Every structure is written in structure tokens, then in C-alpha cells.
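Each chain, letter by letter, is given below.
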Amino acid sequence: MMSRSYTNLLDLAEGNFAALGPAGGGGRRRQGSFGLRRMSRVMTVPGTLSELDGEDESEPAATNSVASDVPSSVAADRLIVVSNQLPVVARRRPDGRGWSFSWDDDSLLLQLRDGIPDEMEVLFVGTLRADVPVADQDEVSQALLDRFRCAPVFLPDYLNERFYHRFCKRYLWPLFHYMLPFSSSGSTATTSSSTPASSSGNGRFDRSAWEAYVLANKFFFEKVVEVINPEDDYVWVHDYHLMALPTFLRRCFNCLRIGFFLHSPFPSSEIYRTLPVREEILKALLNCDLIGFHTFDYARHFLSCCSRMLGIEYQSKRGYIGLDYFGRTVGIKIMPVGVHMGQLQSVLRLPDREWRLSELQQQFEGKTVLLGVDDMDIFKGINLKLLAFENMLRTHPKWQGRAVLVQIANPARGRGKDLEAIQAEIQESCERINGEFGQSGYSPVVFIDRDVSSVEKIAYYTIAECVVVTAVRDGMNLTPYEYIVCRQGAPGSESISEVSGPKKSMLVVSEFIGCSPSLSGAIRVNPWNIEATAEAMNEAISMPEQEKQLRHEKHYRYVSSHDVAYWSKSFIQDLERACKDHFRRTCWGIGLGFGFRVVALDPHFTKLNMDSIVGAYEMSESRAILLDYDGTLVPQTSINKPPDADVLSIINTLCSDRRNIVFLVSGRDKDKLGEWFASCPKLGIAAEHGYFLRWARDEEWQASTQAMNFGWMQMAKPVMNLYTEATDGSNIETKESALVWHHQDADPGFGSSQAKEMLDHLESVLANEPVTVKSGQFIVEVKPQGVSKGVVAERILTSMKERGKQADFVLCIGDDRSDEDMFENIADIMKRSIVAPRTALFACTVGQKPSKAKFYLDDTFEVVTMLSALADATEPELETDWSDGLAASVSLLDIGDEQTESSDRPIGGGS
């Protein structure tokens, strides 16, 4: 039977998990004693990391502070490394009694410990590459925890098949390597097939496989929960197998410090957008504090997807790239992984290497060896390499009988029709090349299709004149790095068998692999271009010896200094930097399923309490109510923009009380606002961010007396027209006092780029004009200096004071950047005695987000509900028209007064 907490996965994967069988299928035992609670469906209570309050107010806070099952004498930072597989080799003893374990020295996860500070404990969470019976799982878990600091995750066979083989390897991995499933069989050919994807377990997106992926990630989450101390631990999640895990962790521990590193490519947005669960995965990754990629290309693709699908733009500050996600800054790390220098050099010193090296030198005496070392999969381009080598032999006959391509093919880790076809094609190419160019005692292609030991592989690296990597897509590929280190040899261990003299090496690498950007001395090729790759091979082995030496020295300096320890140390340092504010910030968890996110807010930022504001309203004698329009009284996404009858009725009720001054403060033009609110005779309106103002419907519009010369428009409009013509989907809105360029309907990336360019262009052109150029959400706006909602709010409150009606209740509501001017000014008015000493100030933003306001309401519905509650507390029988005096007092209103500090950044000029 499914655990109670598991029902929340229905939100996450939006599917029927009954198809997977029981959550504890296969006789799986419940691991650990920690009882998972049902997660809140809407929002968690606020808390800081040191508090970690319970998600349900009815539960004690201590239930959420999970004590580690791992005993520790002192509280210290610890790193929990979570990956699909543990860096441990598990074997059942020959007598069948018990298990033996050893470290997997080739595992990157084990090697990364070299870069972790000595005082930081490392604990691993992952699966074992062994089938451990249920009866042995507790014993194995304890042994691994005690001896190796490893916490194993045991996935039922049926789940592992669907999670790993079906979703990860047959769908997600090909997609991340730019392979679209055009047919249900998984082939890239556009042939039709009647076989459903669910039965073939391959090809197109399979909802049940996605559900298995989510469930498997939950198994990993449960194991992490067993061992975690959320106040002291960092969690580092690895690779595409566990992209859903950050949401589980963040949902349980709002302030946990989480890093993620992707070891595969991240595809371009055009490819990634074909993924049906694209937003779910993006949002899950954004629940991390730091996301790492091998290259800038991969990071750029991820950032582009965030921009196009979620509307999130990144910023670069002092060399660090960050995404502002609901008040949290998600860092982006670009750092390719390296090799383990110590391990390679220790293998170079092994005695076995000597005789293997001697044997290979005799075998290939007088030959020039080109070497390929690749996994047997469809993306490594092995056959493209063979075709290029064949072309080189044909176009450069001097290499016939002299050049040998040794291709080591590591055993395939996947399976499928495409792989079988590639293997058959490789075999056919090898036979053809050897048949055409082979001679007695000479085979141009030596294909090694078996497991090759580290010592034997290093011996091949040592004798090779050139390594060729022609992968059509690969996340990193450390083969060139390993080759460079092997050609250099172990320091102080020069052997008789090695080539004496200066070290040299040559590389021909595909431009589509992650290590390519860091190997500036390599010959980069497009592996699909057979002729160009053949010429690159010829150039590499024909190059002068001195040139080979210089390239080798340059590569070795980089590889030896940027090893795996350097990579892990750099990542942990950036993770610590990204999480430095976790202990001081207040966080709210909000949202359902993969829509869950943590909002980081000012500790004093709280939801507006209806009873509190109504009570303050009733006790006050002079009230100022300032309302934004779009996104406040009507939803930002609403197509029908005019206010409905309920809003008009509420506003008229509020205006009917003599104690109230109600103002609509909007960026919209005065004619449209005047038309929409014609039925509100006592409503004040400040249009175009306050450039035009009137105190009641029958009053005349008052314009700012400053900057009445709009000659700058003749300078700005041609610039805007230039970008409008070049940017499809953009348009210019012309107001009486401002020009606004909109690009919300343009391509997100191009529109954003054009907006930044336009901002710089306009600032340059208008440098000596009395205007402000500002960028906002999908807009660039040019308006006169000294015009802002903040100035309007201050002037209204100042006028009330001058008439002896000093406000003792101020309500200010808005939702966007322009409203932040109001919030900022209102927060400062108490110090300047513009309002009464004990004034109730309610600066309120719409939606939970970082703001200068102290209060928030979730949406426009709650805004209208709150205003309705104030209207119910209004006393219209006290109605008296006292706005005339106020209107007279501001007839000399100069919104752009030089003594008024505007929060806008001036471009130049003055009044």
C-alpha cells in the first residue's frame, strides 16, 4: 500500500501511479524510523533555517528538524553527495555468506573528495550495482554506513527498469544529446509505427516512465531524510537521473543548502521544449541554490529555457551568473570536471605497464598510431571516425601501411535497435577498410571490443601519436585529458620503454564535446564532415615535432592544474557563497507539485490581515487610499481591462466617506482612465505615473509644470522606431508625457537583448535631456524627470497636511516596479512628519515577492475582497465634500519640484 506522503506525487507527475504497483513493491522494507508527513498543499509557515518550523501549525516544530542517524560528536558542516550509483563495488562472497565491498577508484564521486575540505565529512547516497536481496538490505546498509559512509538506496526491479532504462536512458539521455523521438520505436527516422511507446519502453514520451522517474527520486529523498541534519549539511545532487530530487528536498526543508551538477549536455531550447514535462524539470532545478554545467553553451541553453518558458532573466554580477527566483538567487556555475591526477600517475608507475608498453611498441613498430577510446553508444561517432580514417588513407596514400587506427570500444551500457545498427555498421566499416588497405602483417584498423584494464589503456595512450574523438554530442569526455597526462608520464619515473626527449601529443576533437573549449591547441572538427576530419588527422600526425611539443605543454599545464579536486573545491566554495544568507532569511514554501517553490522574504514582510486593517480603518479620522490599476484591481493577464461593476461600487462607497481621499495611481493615459471611472465622481486619478492629476471627475486635469517642452520625443522616437522595425512583435505606446516600447510579444531572448541595446542607445542620445530612461517587465520607458508614483503619493499626503487633515491611515497597493516608488516614499514619510505620529501605514504589494512593501496579498481577488471589507466599514452618512479645498491647495502642484527627490535615475539635463 502506498505511503500517505506518496499521494502528493499525484500533484508532481499528474498521473495514475497505480500502474506501477505498490510503492513498497518487491517486499521492500521501510527504511529508517522517520515518519514522512503529508506535505502542505498550499503554503508552509515562514521560518528561517535555524528554526525550520513544521509545515503544519498543528505539529510541533521539532518533527521537521530531522536528527541524523549518523552519530557525530560535534556539529560541523557535512556534504551529502547524491547520485544514481554509489562509488562502491559490491560482490557477494564466493561462499554465498555475506558481501564484500571496495571503493570504485574510477568513480568521479570518490575522486571529488580530494577537493573537499578535510574538516568536512562526505556521505554518499545512491544505488548499488548489485542485486541485494531484501533479507540482506539492512545488513548491507549498516555495513556501508559504518565502513564507507554510504547510504544505499534499494529500488525494486520493476521501478529501476522504468526509471533508469526506460525514462533516463531511452528517453531523457537521447533528448539531452539532441536526439528527438520521431517514431514510437525510438528511431530518428520519420517512419510510422503502430507499436505504442508504453509497450516498447522506448521512443516517445511515456507517462508511466515519467511517473517511475518521480517515484524513484522520492526513494532517494527518503534515504537522504534518514541521514540528514538540515542545519549543518550541504547536499550535492548529480546528473539527470535525479532532477526531481531538489523539489522533494526543498519542500521538506525550505532552507536546505542544495547544489546540482549536470554531467550531460543541456540541449538548446528548441530541443528541450519538446519535453512534455519541461516546466516541471526546470522548476525542480530552480529549487537548488547552485546549478553547475561543464560549458557555457550548456548553461546558456538552460538560461534560455528559463527565459522562454518561465520568463526568468539572469543577471551577471562580478563574474557570477544568477537567476532571481522568488527572492532567492539561484547561482549558475560553469566549470568542466577534470581527471584525477594522482590516480593516473599511480597507474603510470605500476610494473604491469612496463611489459604492456614494451609489447605494444613491438606490435606497432614503425607505425604511426592514432587512438580512439569511446563508449559503445550511438553518440560517440565511432563509425564517422572510421570513415574519416578511410578517407585519409585514400587521399594520402603515404599513410597506407604506416598509419594504424586503434579503436577501443568500451562495452555498451544501453540497448536498442539504434545501437545494434551502429554496431553492425562499425563492423562492416572495419572489415571493408582492412580488406582494402590491409597487407601482410598490417591491419589499418585494430578494433578492440572488450573490457580494457586501466594499465592496458594507459599503455595505448603512451604509444599513440594522436587521439581522435569524433563524438557527435558528449557532455564532457575526459579521454583527451587522460591521454595528455599519459604522454607526459609520471614525474620522476622515466622508464626505458617510454619515448625519450621532450613530451608531445596531438588531439583531433569534435567541437560538440564538453572538453573542446578548454583544449585550445587541439584540432577541432565537425565529425559529420568526413573529408575535413580526414584532413585534420593527416595534419595532426604530419605536424612538426616542435609544434606538437608546444601544444602538448599548453594542454598539460591546463589539465594538471584543473583536475577533479580543483573542480569540486570550486563548486563547494561557490555553493557556500550562494547559501551564505540562508540562516538570516525568512522563507515561505508555496505551490503544488512541481510548482512548489520557496519565497525568500524580508523577516517583516507579512500577509495583510483583514481584521487588523479594518480595525485601523475604523479608528482613523483622515485616510489616504492609493490604488494601482493593472495587476491590482484587474488581473495583469486579463484581456478585458475595464473595471467591473463590483470594483466601481466599492470605490464609490469608499469615496463617499468624508474622511477618505481615494486615488487611482496608474501608468495608463488619462483619457482611458477617465472613461473607465466616469461613474466615480469623487475618485482622484493620477495618470501616466502622476504626470497628469485630478482630484475629482469634474476637476480639470493638472499637468506637471516642469518639462513642458517635449522636444526630446522627436529624438527618442526615431531610435524606438529603429528597434521596432528590427524586432518582430514589438510596438511603441505613445503617451502625452512618455514613450513606452513593449516587447512582450517578441522572441524572449531577442526582445530582451534589443531592450538592453535600446536602453544604452537612448541613454546616450538623451544624455542632456531632462528625462529618465527605465526598463521594466517587457518595456523600455522614457518619461520626464521627477515624475513617479512616489512623488504623487508624497504630494497628496503633503496637501492633506496643509489643509489640516493630516493622514492617520495610509493604504497603498500596487504590483510592479513603478509601485515600489510609492512603497519607498511612504516608508519614509513618518520621519518627516508628513502624516500623524501614530499613523497606520499599510504598504501592500500583490503577490509574494521581494518588495519594499511590508505587506502582501496573494492576488487581485484578495485586493478586491479587502477593499470590500473597508467599504463595509465605511460610514457614507457622514459624507461631506471637502476635496475642493484640497484641490485648491494643490493647484500649484509641481510634481517635478526640484526639492522633491525622485527615485528614478535621471539621465541628464535638469529643469
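For every chain, the first residue of the written sequence is number 1, and numbering continues from 1 along that sequence. Given that the model is predicted, a residue must reach a pLDDT of at least 70 before its local features are reported, and side-chain atom pairs must reach 80 or more before they are shown or counted; all residues, however, enter totals for whole chains, interfaces and linings. To obtain the side-chain values, all non-hydrogen atoms of the structure were included, while hydrogens and water were left out.

Novice: If you had to explain the side chain of His689 to someone new, which residues and values would you point to?
Specialist: Only DSSP runs of H or I covering at least 4 residues are called helices, and only runs of E covering at least 2 are called strands; the numbering of each starts at the N terminus. As for its position among the elements, His689 is in the loop between β23 (684-687) and β24 (692-694). Whether a residue is buried, partly exposed or exposed follows from its accessible area with a 1.4 Å probe, protein chains only, as a fraction of its type maximum: under 20%, in between, or over 50%, in that order. You can call His689 buried: its relative accessible area is 9%. Residues contacting His689, with those up to four places away along its chain left out, are Ser666, Gly667, Glu781, Lys783, Val787, Ser788, Lys789, Val792 and Ser818. Any two residues whose heavy atoms approach within 4.5 Å are treated as being in contact.

Novice: Just give me the short version of the packing of helix α12 (residues 351-363) against helix α15 (residues 454-463), but keep the residues and values in it.
Specialist: Helix axes use the C-alpha atoms of the stretch in contact, all axes being lines fitted to C-alpha atoms, and the angles between their N-to-C directions lie in the range 0 to 180 degrees. α15 packs onto α12 with a crossing angle of 50 degrees between their chain directions and a minimal axis gap of 9 Å. Between α12 and α15, the interaxial angle falls into the category oblique. The interaxial crossing formed by α12 with α15 has right-handed handedness. Each of Asp352, Arg353, Arg356, Leu357, Leu360 and Gln361 in α12 lies in contact with α15, whose residues at this interface are Val455, Glu456, Ile458, Ala459, Tyr460, Thr462 and Ile463. Of the residues that constitute the contact of α12 with α15, the class distribution is seven nonpolar, two polar and four charged. The cut-offs work like this: below 35 degrees is roughly parallel, past 145 is roughly antiparallel, 65 to 115 is roughly perpendicular, and the gaps in between are oblique. Rotating anticlockwise by less than a right angle from the far helix to the near helix defines a left-handed crossing, while the corresponding clockwise rotation defines a right-handed one. Residues are grouped as follows: nonpolar covers Ala, Val, Leu, Ile, Met, Phe, Trp, Tyr, Cys and Pro; charged covers Asp, Glu, Lys and Arg; every other residue, Gly included, is treated as polar.

Novice: Run through the packing of aromatic side chains, naming residues and quoting values.
Specialist: The description of two aromatic rings rests on the distance between their centres and on the angle between their planes. Note on aromatic contacts: the rings of Phe and Tyr and the six-membered ring of Trp form a pair at centre separations within 6.5 Å, being stacked when their planes are under 30 degrees apart, edge-to-face when over 60 apart, and tilted otherwise. A complete count under the given rule lists 33 aromatic pairs for this structure. Ring centres of Phe293 and Phe302 lie 5.4 Å apart, and the angle between their planes is 40 degrees; this geometry places the pair in the tilted category. The exposure class of Phe302 is buried, given its relative accessible area of 0%. These aromatic residues form a ring-pair network of at least three members: Phe163, Phe167, Tyr171, Phe205, Trp210, Tyr213 and Phe594. Throughout this description, the term charge over a ring refers to an Arg CZ or Lys NZ atom that lies within 6 Å of the ring centre and within 35 degrees of the ring normal. Here the guanidinium or amino end of Lys756 rests over the ring plane of Tyr314, the centre of that ring lying 5.9 Å away.

Novice: Before we move on, could you go through the confidence of the model for the chain and cite the residues and values that matter?
Specialist: For the chain, mean pLDDT is 82; residues scoring 70 or higher make up 83% of the total. Predictor confidence is given residue by residue as pLDDT, running from a minimum of 0 to a maximum of 100. Here residues 1-7 scores under 50 on pLDDT; set against residues more than four positions off or in separate chains, the count is 14 contacts. Contacts for the low-pLDDT stretch residues 186-202, under 50 throughout, to residues beyond four places or in other chains number 30 contacts.

Novice: Mind laying out the pattern of salt bridges, listing which residues take part and the relevant values?
Specialist: Whenever Lys or Arg places a side-chain nitrogen within 4 Å of a carboxyl oxygen from Asp or Glu, that contact is recorded as a salt bridge. Applying the stated rule across the entire model yields 44 salt bridges. Among the salt bridges present, the one from Glu226 reaches Lys223, with a minimum N-O distance of 3.4 Å. Here Lys223 and Glu226 lie together in helix α6 (residues 207-227), a separation of three residues that amounts to about one turn. Exposure class is identical for Glu226 and Lys223. Each is buried. Salt-bridge contacts for Asp289 lead to Arg328; the nearest nitrogen and oxygen are separated by 3.6 Å. Of the two residues, Asp289 sits in the loop between α9 (278-285) and β8 (290-293) while Arg328 sits in strand β11 (residues 328-334), which places them 39 residues apart along the sequence. Within the structure, one salt-bridge network assembled from shared partners comprises Glu390, Arg394, Glu428, Arg432 and Glu436.

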